[in-house]
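# Commentary on secondary and tertiary structure
Okay, here's what each chain looks like letter by letter:
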Amino acid sequence: MPKPRAKEPSMTRSRKAYQEARKLFPGGVNSPVRSWRSVGLLDSGPFFVLRGKGAYLVDLDGNRYVDFVGSWGPLILGHNPGKVVAAIRKQAARGSSYGCPTELETRLARRVQKAMPAMEMLRFVSSGSEATSHALRVARGFTGREKILKFEGCYHGAHDAVLVKAGSGAATFGVPDSAGVPEGVAKNTLTVPYNDLAAVREALAANKGQVAALIVEPVVGNSGTLLPEPGFLEGLADAAKQAGALLIFDEVMTGFRLAPGGAQERYGIRPDLVTCGKILGGGLPCGAYGGRREIMEKVAPLGPVYQAGTLSGNPLAMAAGLATLELLLKKENYKQLEATGAEIERILREAAAAAGHGKNVCINRAGSMFTVFFHAGPVRNFDDAKASDSAAFGRFFQGLLKHGVYFPPSQFEAAFVNLAMGPKELKLVARAARAAFAEV
Ligand SMILES: *Cc1c(COP(=O)(O)O)cnc(C)c1O
């Protein structure tokens, strides 16, 4: 039996804040995925946030939501964990930036390296976009080749070389290729479907001796969640090696999430280069790229590949990252993330079936990241994801919201489980999911 409709949460203050913000920022937001356009709410707008605590976000009107966005990935411990806040405070009292090296950078790098041994040397930067942009330059500098190969629906940040068939944000807004990306840049970016090794081999053969790197989200989050089929990642490593191209695992989303060492640990692959971000900064702006020593020694001041950043290795971000990884990188946490993820998957399947949507919904999940596709399934690449019923997803999103659960406002995004979610939150999600599916 569907529950009676909950009262619409009042959003008066958020609406007002949004109308002000729209005068200043394109779409009222400072990153397009924060807009609620793709769930049919461009005009009423997103809620504005007052604060976050644990598993919850509280909006300006005092409504509370179980948060499955987690700042789009970083907040795997939940909002505002006490020890991370304390570490940021302690560092802030000593200064927020020096433009000189600190031991915090070395300590965080050691932690990262222990989790991801492929990072023989690394560089800290301030975002995931910076990490991928510089990793690609290093790959080009190292190989002396210009082309790169990426996968349809994989997102590697908002820079020219990778804004070609780039998933989520772009897909959400129906602009597969951004305006303003020079043709000369885009022509060096080859794209093939995810999970299609034959297409990879074909593209490499057709561009023999010209491809510097293959870059991939080893588990995709930015088309919604897509899982690598058995043998796909191994096949990529093989194909890259044979072609003399570098393999870059973009683990900005999956790093420290799917396992302490991310997807490379989970699937047992050692990429040539790795990019990180999101969880790494514990909610502060931070990214990293790194990999084989002989490749990273090409980076300035040792080598000819230039890369720099005024706030790179920022002490506040280093402190937050260290405190986060200290709390996070324990076996029992990954067991808990898997268990909570599995339970939420079960709850969602049951709720979909109860509302008669069992056959219209496909849930893809890897550990603590998942997507509910309004698609009969299987969803194994970007084309499949795009065939989902986005309007139905929009109604599902609105239904959840009304019942106190905040999902990513797009069919093409991953939802995230965090360590602050417990039995109480699961119960709330179960009730909301039953109601939301019934209202789709
Ligand atoms: C989020 C993301 C990026 C970009 O990171 P920003 O910090 O937003 O620049 C790059 N790659 C992947 C896989 C991501 O999920």
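Each remark here, short or long, concerns the structure printed above.
Figured I'd write up the structure that's included with this text. (Residues numbered from 1 in each chain as written. Predicted model: local features only at pLDDT ≥ 70, side-chain atom pairs only at ≥ 80, totals over all residues. Heavy atoms only, no water.)

### Observations regarding the state of the cysteines
- Taken as a whole and judged by the stated rule, the model has 0 disulfides.
- Here C100 is not cross-linked by a disulfide; its sulfur's nearest cysteine counterpart is in C286, at 18 Å.
- The cysteine C362 is free of any disulfide, with C154 supplying the nearest cysteine sulfur at 17 Å. (Disulfide = S-S within 2.5 Å.)

### Quick notes on the site of the ligand
- For the ligand, the full set of nearby residues is S127, G128, S129, Y155, H156, G157, E217, N222, D250, V252, M253 and K278.
- Y155 is positioned such that a nitrogen or oxygen atom in its backbone is 3.3 Å from a nitrogen atom of the ligand.
- Between the ligand and the protein, one listed contact pairs an oxygen atom with a side-chain N or O atom of K278 at 2.6 Å.
- Expressed as a share of its isolated accessible area of 380 Å², the protein-covered part of the ligand is 84%.
- Considered class by class, the residues forming the shell around the ligand number 3 nonpolar, 6 polar and 3 charged. (Near = heavy atom within 4 Å. Polar contact = N/O pair within 3.5 Å; in protein donor to acceptor, adjacent residues only side chain to side chain. Areas by Shrake-Rupley, 256 points an atom, 1.4 Å probe, with all protein chains shown as cover. Nonpolar A, V, L, I, M, F, W, Y, C, P; charged D, E, K, R; others polar.)

### Remarks on the side chain of R145
- With respect to the helices and strands, R145 occurs in the loop between α4 (128-143) and β5 (147-151).
- One buried charged side chain, R145, makes no salt bridge at all; its nearest oppositely charged neighbour is D272, positioned 10 Å away.
- At 2.7 Å, the side chain of R145 and the backbone oxygen of A243 are in polar contact. (Helix = DSSP H or I, 4+ residues; strand = E, 2+ residues; numbered from the N terminus. Buried < 20%, exposed > 50% of the residue type's maximum accessible area, 1.4 Å probe, protein only. Lys, Arg positive; Asp, Glu negative; His and termini not counted. Salt bridge = Lys/Arg side-chain N within 4 Å of Asp/Glu carboxyl O.)

### Observations regarding helix α12 (residues 331-354)
- Between its first and last C-alpha, α12 extends 35 Å over 24 residues, near the 34 Å set by a 1.5 Å rise per residue.
- By the burial criterion, the buried members of α12 are N333, Y334, L337, T340, G341, I344, E345, I347, L348, A351 and A352.
- Its buried side turned inward, α12 meets α11 (315-328), β11 (362-366), β12 (369-373), α14 (390-402) and α15 (423-439).
- G356 sits one or two residues past α12 and shows a positive phi near 80°. (Expected span 1.5 Å × (residues − 1). Contact = heavy atoms within 4.5 Å.)

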